[in-house]
Amino acid sequence: MSTRDGRVPLLSPSMSTQSVRDGYGAIGPTMIKKGVALEAGQLDQDRAREILYFHRSTFAIDMEVALRGALASCLVIGFSMSPLVHMLPLAYQSREVLCMVGFWLIMTIWKDLGNTLRNAVHGVSGCLLAVINSLVMNSIFPAGAHGAPGNHYSELVVYLDLAIFVLVVLGLSFPERTRVFALFYFAMFMMFYMNPESTAAFSRVAVFNLEGTGVVFLAMCVTGTLLAILCVAMPPLTCRNRALERAKGLTEAMICITNSVLEYYCGTQRSIVASKWQSELEMLVGQVYDWETDIVESWWEGFDIGRFGESAVLHSSYAAMIRKCLDTVHGMEVSASREDFDDSHQQTVGALKDSMRTALGSTNRMLNAILRAVDDGVITEQEDKSLQEHAKIVHEAVEKMCADYKAAKIELGYSTLKIELLEEDFFVFCMATYATHVCDFASQKHVPKSGHFFFGFRDRLLPCFFADVSREHVNFIIRGSLAFALAFFIAVQTGYILKAYHFNYLLPGTVALILSRHSGSALLKNLGRMQAVVLGLVLPLVVIGVLPVCSPLGKIILFVLAFCFFAACLYVHLAAGQSGPNHVQYGFLAMLMAAFGATAFFQPCLGSQVSGNAQGIAVFMRIMVTVSAIFMVFSIDFALAYERPSAATHEALVGCMKGIKSRLTNALRGKPVDEDVEYHILMDQMHLAKDSCQEASLEPRYWRSPFNADLVHTMIEWCHKIRLDVRAIEDALSTNNGVADGATMNMVMCLNSHSEYRKMVESIEEIFDATIDLVSDVVQHESTEPNKGHERFAPSDPSMACLQELIAALNDSSHFHNVISACEQALVNKALSGKMCVILLMLQSVADNLLQVAQTALSSV
């Protein structure tokens, strides 16, 4: 039997979109009659690649949002420099206040409305918490620092308020954006409140003042976030529309790949056309995860009220169906890539290719019909009737395919299960399963549960009020509280010696901005943030120092340069994504540059020299404060850090592998599995491992050996492949809701009655455990001494000879044939022979992949 080998790129002409949309409709028979079926497969493959890479490219969207945000920021700057600013109340006219509008616009905007709304709600919530605290403190001590000794604020009460507020904000599970801005504005308001030289006015609970400092900054916060929302809302760039585009692209790409796989399988020889399938399927699976994330974030755009809730449920069901179909297509890819195109294959497929093309064509046409029905978010009665008719056609086509395959086997003189037809059994089963997943969607009712609107609020609001008591989070609370309290104390108590820090909210505020759960990588990330802050403040200073900002021409030039600056920074921020290595290295830093640049471009018209000198002093102060905050946070993290990112990466990776092994064990034992829940748990673990790996690559290693981030990424890719193998086994051993039926359980009992099968399963479990231990040792190894973990890795290799012995034993079992005969009528679209082939081949594939993982880990030792 042939195995999968290296992947090489394909070079073939493109295929028309209409031909893909028609499945195997009009052009399929024409191409077959011309004898170019393989070329049609190559055309499908190239079209799939075009779709995949097109949907990965987001340059147009990123640039459009960046230009919108840059224009809005420049309009705010222009407003602050125009006479219109004097129409505002006096408290709203200062540069320090108006610059926060641009700051909040930059910090909130994202490439879609859902995520922008989420950022706005989280940010405003943090500012609101600090405002509420300031209202309470000003109600207790209305005079603040300006009162007589009897009315003066009490330092004991202030520090008690500090302790309670910080512990609540850090202790509860608030979103990171809420936590950061709650602490930042707390520091700002309390410095204004405690400074005897401050002229800031505050509101009280009983006496609400619209020009109070807290209310003014909250108004600027709301204004900036509203501008960000308007930037992506006119015209709207929504998560729902992006999810729909992903649905169309993924459906078309999957149809292309299935057509390509079938045409290759109906060919006569192996070809490089199969070399790219696996990587493209993995790419599709990753896009499905992003697609489902878009559906979740679309909640913010309509709160799942009415039509929005119906559309979200329908799209979620469709995404789950596409994910299951992709898992099944992976099985088709495994079968096709292993096929050696011998005589038995040619004879069997020669009599079966027409019915397979008909079955796949009807399934893909139904898939397109489902996509058109899902497009508007509601399946009408007429669309439902049409889908039922499509499902009937698909069932008939699949039944004919299974009947033709059974007849072909009998005509060729093969028994129920033979080693020569192992891949053929597997391929027919996967095609039937693929059709079943599509038909199951039409038989389901996609209606939101009662109270769906309130469940969304509950799922997003309630977790914020539960404390995380894990050791890692408790350690973060201790480190964050100490760092923030120390910065606060320095700003209040030692300001008489260090004049730059005297009641300067920037020191504790900067600490709030750079607090990180991952202590080890915080130093390098914060040094990058310091560079971003410096560039964001210095570049506008250079422009302001050169240009005559008070003249009309100078204002125009300043406007153009600010627009280019914001557009470039925002594009880098958006293109880098919200997570991953690009976000850490480029995206977040570009956002900081734009945000602090927004504050630096707001300058009063005092003349370039006067304004430049004042700004130069402010920039120097900000740089000194930033360096001090970084040193303070690093010192506390170095002394009190509980867990480094490398340890979190190791834990996430090992947990992911153990989770996959648990799924395999449960599947082989017939235990029910909630596929959707298990899938999201594993995908979340893989993403956690990726994010932690990026953090680990930035942590200082000191005396430890360098962290092998490339190895971790390779292990995650292999985990994806093994998960797909296990998913195929789960699908073979289950029917509805992950529960195996009686016929399938009889087949499993039959398999377990043979020592060869038990030996194979035990060998795979042994390999799995040994591989997990090996990967754990290699990733966790930190000393400069040789890693001896590989010395314990000596599992037995379940070879193809063992597989052949198992199948021979099954063919000699009269009980096995009785089970097959008794259950064939009950399983029309999933013949037991196909199920058994799935189990055997996927177990072998799991073993092969695990050995590849072990070999990769050993090569790094």
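Enquirer: Is there a simple way to explain the packing of aromatic side chains in this structure?
Expert: Here a ring pair, both rings aromatic, is described through the centre-centre distance and the interplanar angle of the planes. Using the criterion set out here, one finds 23 aromatic pairs in the structure. Pairing phenylalanine 165 with phenylalanine 186 gives two aromatic rings, centres 4.6 Å apart and planes at 10°, and the pair type is stacked. Taken as a pair, phenylalanine 165 in helix H7 (residues 155–171) and phenylalanine 186 in helix H8 (residues 176–194) lie far apart in primary sequence, 21 residues in all. For the pair phenylalanine 165 and phenylalanine 186, a shared accessibility class is recorded, and that class is buried. Through successive ring pairs, a cluster of aromatic residues spans Phe103, Trp104, Phe181, Phe184, Tyr185, Phe189, Phe192, Phe217, Tyr505 and Phe596. Across the ring face of tryptophan 718, the terminal group of lysine 721 is positioned such that the distance to the ring centre comes to 4.0 Å.

Enquirer: Teacher, can you tell me more about the packing of helix H16 (residues 381–412) against helix H17 (residues 422–443) here?
Expert: Axes are the key here: two packed helices are described by the angle between their axes and the distance separating the axes. Here H16 crosses H17 at 165°, and the two axes come no closer than 9 Å. Comparing their axes, H17 and H16 come out roughly antiparallel. Our pair here, H16 against H17, has a crossing hand that is left-handed. On H17, the residues touching Asp384, Leu387, Gln388, Ala391, Val394, His395, Val398, Met401, Tyr405 and Lys409 of H16 are Glu424, Asp425, Val428, Met431, Ala432, Ala435, Cys439, Ala442 and Ser443.

Enquirer: I would appreciate a short explanation of the side chain of arginine 68 in the present structure.
Expert: Mapped onto the elements of the fold, arginine 68 is located in helix H4 (residues 59–81). What makes arginine 68 buried here is its relative accessible area of 12%. In this structure, arginine 68 is in contact with Cys231, Val232, Ala233, Met234, Pro235 and Leu237, ignoring residues within four places of it in sequence.

Enquirer: What should I look at first to understand the pattern of salt bridges in this one?
Expert: Side-chain pairs of opposite charge can arise whenever the charged atoms involved come near each other. Evaluated as defined, the whole model comprises 16 salt bridges. Of the charged contacts in the structure, one is a salt bridge between arginine 727 and aspartate 327, with a shortest N-O distance of 3.6 Å. Here the residue arginine 727 occupies a position in helix H27 (residues 709–732), and aspartate 327 occupies one in helix H13 (residues 307–338), the gap between them amounting to 400 residues. Residues aspartate 769 and lysine 661 are paired through a salt bridge, measuring 3.6 Å at the closest nitrogen-oxygen approach. Placement of the pair is aspartate 769 in helix H29 (residues 755–780) and lysine 661 in helix H25 (residues 645–668), with a sequence separation of 108 residues. A residue is classified by how much of its surface remains accessible, and aspartate 769, at 37% relative accessible area, is partly exposed.

Enquirer: Is there a simple way to explain the nonpolar core in this structure?
Expert: The tendency in soluble globular proteins is for nonpolar side chains to be buried side by side. Trp291, Tyr318, Met356 and Leu843 are the most contacted members of the largest nonpolar core, which totals 123 residues. Apart from the residues within four sequence positions on either side, leucine 843 is in contact with Leu664, Leu668, Ile729, Tyr757, Met760, Val761, Ile764 and Val838. The next biggest cluster of nonpolar side chains, apart from the first, holds 114 residues, and it includes Ala72, Met190, Phe484 and Tyr505.

Enquirer: It is not clear to me how a nonpolar patch on the surface should be interpreted in this structure. Could you clarify?
Expert: A surface patch of nonpolar side chains, about 440 Å² in accessible area, is lined by Leu71, Leu75, Ile556, Phe559 and Val560. Looking at the nonpolar patch, the elements that each hand over two or more residues are H4 and helix H22 (552–575). Mapped onto the elements of the fold, leucine 71 is located in helix H4. The partly exposed category is assigned to leucine 71, whose relative accessible area is 41%.

Enquirer: What exactly am I supposed to notice about the packing of helix H10 (residues 239–265) against H13 here?
Expert: It is the contact of H10 with H13, at a shortest axis distance of 10 Å, that shows an interaxial angle of 25°. On the basis of the axis angle, H10 is roughly parallel to H13. Note on packing geometry: the crossing formed by H10 with H13 is left-handed. Seen from H10, the contacting residues are Arg240, Leu244, Ala247, Thr251, Met254, Ile257, Thr258, Val261, Tyr264 and Tyr265; seen from H13, they are Ser311, His315, Tyr318, Ile322, Cys325, Leu326, Val329, Met332, Ser335 and Ala336. A breakdown of the residues in the contact of H10 with H13 according to their chemical character gives 14 nonpolar, five polar and one charged.

Enquirer: I tried to follow the confidence of the model for the chain on my own but got confused; where do I start?
Expert: Segments scoring low in pLDDT should not have their predicted coordinates read at a detailed level. Residues with a pLDDT of 70 or more make up 75% of the chain, whose mean pLDDT is 75. Below a pLDDT of 50 lies the segment residues 1–45, which in the model reaches 84 contacts outside its immediate sequence neighbourhood of four places, other chains included. In the model, residues 606–610 has pLDDT below 50 throughout and makes six contacts with residues more than four positions away in sequence or in other chains.

Enquirer: Help me out: how do you make sense of H17 in this one?
Expert: Along an α-helix, residues three or four apart share an orientation, since each turn contains 3.6 residues. Taking 1.5 Å per residue, 22 residues should reach 32 Å; H17 reaches 32 Å between its end C-alpha atoms and fits that length. Burial within H17 is extensive, with 20 of its 22 residues counted as buried.

Scoring rules and cut-offs
Residues numbered from 1 in each chain as written. Predicted model: local features only at pLDDT ≥ 70, side-chain atom pairs only at ≥ 80, totals over all residues. Heavy atoms only, no water. Phe/Tyr/Trp six-rings, centres within 6.5 Å; stacked < 30°, edge-to-face > 60°. Helix = DSSP H or I, 4+ residues; strand = E, 2+ residues; numbered from the N terminus. Buried < 20%, exposed > 50% of the residue type's maximum accessible area, 1.4 Å probe, protein only. Lys NZ or Arg CZ within 6 Å of the ring centre and 35° of its normal. Axes fitted to C-alpha atoms, helices over the stretch in contact; angles between N-to-C directions. Parallel < 35°, antiparallel > 145°, perpendicular 65-115°, else oblique. Left-handed = near helix turned anticlockwise from the far one by under 90°. Contact = heavy atoms within 4.5 Å. Salt bridge = Lys/Arg side-chain N within 4 Å of Asp/Glu carboxyl O. Core = buried A, V, L, I, M, F, W, Y, C linked by side-chain atoms within 4.5 Å. Patch = residues over 30% accessible without salt bridge, like charges linked within 9 Å, V, L, I, M, F, W, Y side chains within 5 Å. Areas by Shrake-Rupley, 256 points an atom, 1.4 Å probe, with all protein chains shown as cover. Nonpolar A, V, L, I, M, F, W, Y, C, P; charged D, E, K, R; others polar. pLDDT = per-residue confidence, 0-100. Expected span 1.5 Å × (residues − 1).

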